[in-house]
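What follows is each chain in one-letter form.
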Amino acid sequence: MKNSPKFETLVVHAGLDPDPSTGAVVTPIYQTSTYVQDQISKHKGFEYARTQNPTRSALEKALALLEAGTSAYAFGSGMAAIDAVLKLLKPGDHVLAVNDLYGGTFRMFDKIYKQYGISFSYTPATDTAIFLEQIQENTTLVWLESPTNPHLSLCDITEIAENTKIRSSTPLIAVDNTFATPYLQQPLLLGADIVVHSTTKYIGGHSDLIGGAVVIQDSDLAEQFGFIQNAVGAVPGPLDCFLSLRGLRTLALRMTRHAENALVIAKYLQERPEVEQVYYPFLRSHPQFSLAHKQMKNGGGMISFTLKGGRESAKSFAESTKVFLLAESLGGVESLVEVPALMTHASTAQSALEVDSALVRLSVGIENIDDLLEDIDQAF
Ligand SMILES: *Cc1c(COP(=O)(O)O)cnc(C)c1O
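In short, a report on the structure. Since this is a predicted model, take the numbers as computed values, not measurements.

Regarding the layout of surface pockets
At step 1: Taken as a whole, the largest pocket encloses approximately 450 Å³ of empty space.
At step 2: As for the largest pocket, its lining consists of 31 residues, and the residues nearest its centre are M79, Y102, G104, S198 and K201.
At step 3: Counting only elements with at least two residues in the lining of the largest pocket, the list comes to α3 (78-86), α4 (103-113) and β6 (194-198).
At step 4: Looking at the lining of the largest pocket, its residues break down into 11 nonpolar, 14 polar and six charged.
At step 5: Inspection of the lining of the largest pocket shows a minimum of three residues originating in each of domain 1 (7-248) and domain 2 (252-379).
At step 6: Approximately 390 Å³ is the volume found for the second largest pocket.

Following this line, the structure appears as structure tokens:
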């Protein structure tokens, strides 16, 4: 091809090499723990399935290509991927994190890594200068989400990367790209060092697996993650890798429809008298509307909003929808609703990151928009 393939083409073909033994178009599920060797250490590149598995390799190759990385490492969950990043650190290191982030990430930082002598600061990252004031001499990792979970606020990844790299201590910049996916933004191209995914969400896209991944460009980091993946062993099984790849093929189509539906719903919610505030990056009322347009291809499929009636109204709304299923998680083809303070973000209760219990979070699916609007209307 004269021109390099566009994302919609890449996402269908990435990592798709016909199976060498049969020519199968789709990489099979290599359900095996070990591989026979011709002689000691003379083998086909596969020794033991914690270290290498062809189904996992196909997924890793695809994710590396789509995130503009050179390598990717798949893990058994998004949390296991985040854990692998934290394993780069040593006691005495400091992590500067955005103050609005996935509850499980906060719980891991606060309940596990703090006791190993790593310290954490949580600061809004909407204003780059204010955020970077919190960098310390011993800051070795900057942890970002954009859009954040659950408030959908953004940070300017390019600006943060540029202004972090001119410092004498050059912390690594990690972006949890679960909400945006590489279809909307590719943080490695914006200056980030590490991209993290919960592939459970939009990458898998069908709410039928748990998985995670780390993507990088740097060869030293690649070596470290390869070592951690094998030494710690939090690897995904071949069936989950297969399902992630299977889901991934339609990422561009799905994200387009998720975002089309979400924008209509976000605008509708803004007009409802019961609603206090709507958080959606492509709404004109979003404080970072112009950054959203600069950094993201579309607004994605996640919406949060607060209800004037507070916690009881939020609970009642979330328990009254019929098409939107009441469940944690996000990013599947089906619409979901939840109350973060009582569900996904319960671990932030009584911390500085505590989430308003009047907040409702929607993961807008790919159903017909009229059915979704009717469902929301009857839930009010
Ligand atoms: C779900 C989620 C995670 C954790 O991923 P699991 O696959 O559930 O372990 C991390 N970050 C974000 C933004 C998430 O939404």
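Considering the site of the ligand
At step 1: Not every one of the 14 residues close to the ligand is listed here, only the nearest: M79, D176, S198, T200 and K201.
At step 2: Between the ligand and G78, the relevant distance is 2.9 Å, taken from an oxygen atom to a main-chain nitrogen or oxygen of the residue.
At step 3: Summarising the interface, the protein chains cover 93% of the accessible area of the ligand, which totals 380 Å² for the free molecule.
At step 4: Judged by its atoms lying within 2 Å of the grid points, the ligand is housed in the largest pocket.
At step 5: Examining the composition of the shell around the ligand, we find that three residues originate from one element, α3, more than from any other.
At step 6: Tallied by class, residues from the shell around the ligand come to five nonpolar, seven polar and two charged.

Quick word on the environment of M255
At step 1: Looking at where M255 falls in the secondary structure, it is placed in helix α10 (residues 251-271).
At step 2: A residue is classified by how much of its surface remains accessible, and M255, at 0% relative accessible area, is buried.
At step 3: C-alpha of M255 to C-alpha of A180: the two residues are 75 residues apart in sequence and 9.0 Å apart in space.

Regarding the nonpolar core
At step 1: Counting residues in each nonpolar core, the largest one holds 64 residues, and the members touching the most others are L248, I265, L269, I303, F305, F317 and L362.
At step 2: Taken together, domain 1 (7-248) and domain 2 (252-379) each give at least three residues to this core, which thus spans both.
At step 3: In this structure, I265 is in contact with I303, F324, L362, V364, I369, L372, L373 and I376, ignoring residues within four places of it in sequence.
At step 4: Ranked by size, the runner-up nonpolar core spans 46 residues in total, among them L88, V142, C155 and L353.

Here's the deal with a negative patch on the surface
At step 1: A cluster of like negative charges, contributed by D127, E133, E159 and E162, occupies part of the molecular surface.
At step 2: Looking at where E133 falls in the secondary structure, it is placed in the loop between α5 (128-132) and β4 (139-145).

Notes on the packing of aromatic side chains
At step 1: Under the definition given, this model contains nine aromatic pairs.
At step 2: Geometrically, the ring pair formed by F7 and Y183 is tilted, given 5.3 Å between the ring centres and 50° between the ring planes. You can see F7 sitting in helix α1 (residues 7-13) and its partner Y183 sitting in helix α7 (residues 181-184), a full 176 residues away along the chain. Of the two residues, F7 and Y183, neither departs from the other in class, the shared state being buried.
At step 3: These aromatic residues form a ring-pair network of at least three members: F109, F120 and W143.

A look at the sheet that holds strand β10 (residues 325-326)
At step 1: As summarised here, the arrangement of the five strands in space is β8-β9-β12-β11-β10, forming an open sheet in which the pairing is mixed. Edge positions in the sheet fall to β8 (275-279) and β10, since each of these pairs with one other strand and no more.
At step 2: Bridging between β8 and strand β9 (residues 302-307) involves four bridges; their strand directions are antiparallel. In the sheet register, V278 faces β9, and the bridge partner there is F305.
At step 3: Against the sheet, helix α12 (residues 310-318) makes contact with β9, β10, β11 (336-338) and β12 (359-363), and its axis sits at roughly 135° relative to β9, the strand it touches most.

Basis of the calculations
Residues numbered from 1 in each chain as written. Predicted model: local features only at pLDDT ≥ 70, side-chain atom pairs only at ≥ 80, totals over all residues. Heavy atoms only, no water. 1 Å grid on protein atoms, 1.4 Å probe; cavity = no way out; pocket = protein on both sides within 12 Å on 5 of 7 lines; lining within 4 Å. Points joined across faces, edges and corners; volume = space filled by probe spheres on them. Helix = DSSP H or I, 4+ residues; strand = E, 2+ residues; numbered from the N terminus. Nonpolar A, V, L, I, M, F, W, Y, C, P; charged D, E, K, R; others polar. Domains from an automatic or database assignment. Near = heavy atom within 4 Å. Polar contact = N/O pair within 3.5 Å; in protein donor to acceptor, adjacent residues only side chain to side chain. Areas by Shrake-Rupley, 256 points an atom, 1.4 Å probe, with all protein chains shown as cover. Sits in = over half its atoms within 2 Å of the grid points. Buried < 20%, exposed > 50% of the residue type's maximum accessible area, 1.4 Å probe, protein only. Core = buried A, V, L, I, M, F, W, Y, C linked by side-chain atoms within 4.5 Å. Contact = heavy atoms within 4.5 Å. Patch = residues over 30% accessible without salt bridge, like charges linked within 9 Å, V, L, I, M, F, W, Y side chains within 5 Å. Salt bridge = Lys/Arg side-chain N within 4 Å of Asp/Glu carboxyl O. Lys, Arg positive; Asp, Glu negative; His and termini not counted. Charge placed at Lys NZ, Arg CZ, Asp CG, Glu CD. Phe/Tyr/Trp six-rings, centres within 6.5 Å; stacked < 30°, edge-to-face > 60°. Pairing = 2+ DSSP bridges. Axes fitted to C-alpha atoms, helices over the stretch in contact; angles between N-to-C directions.

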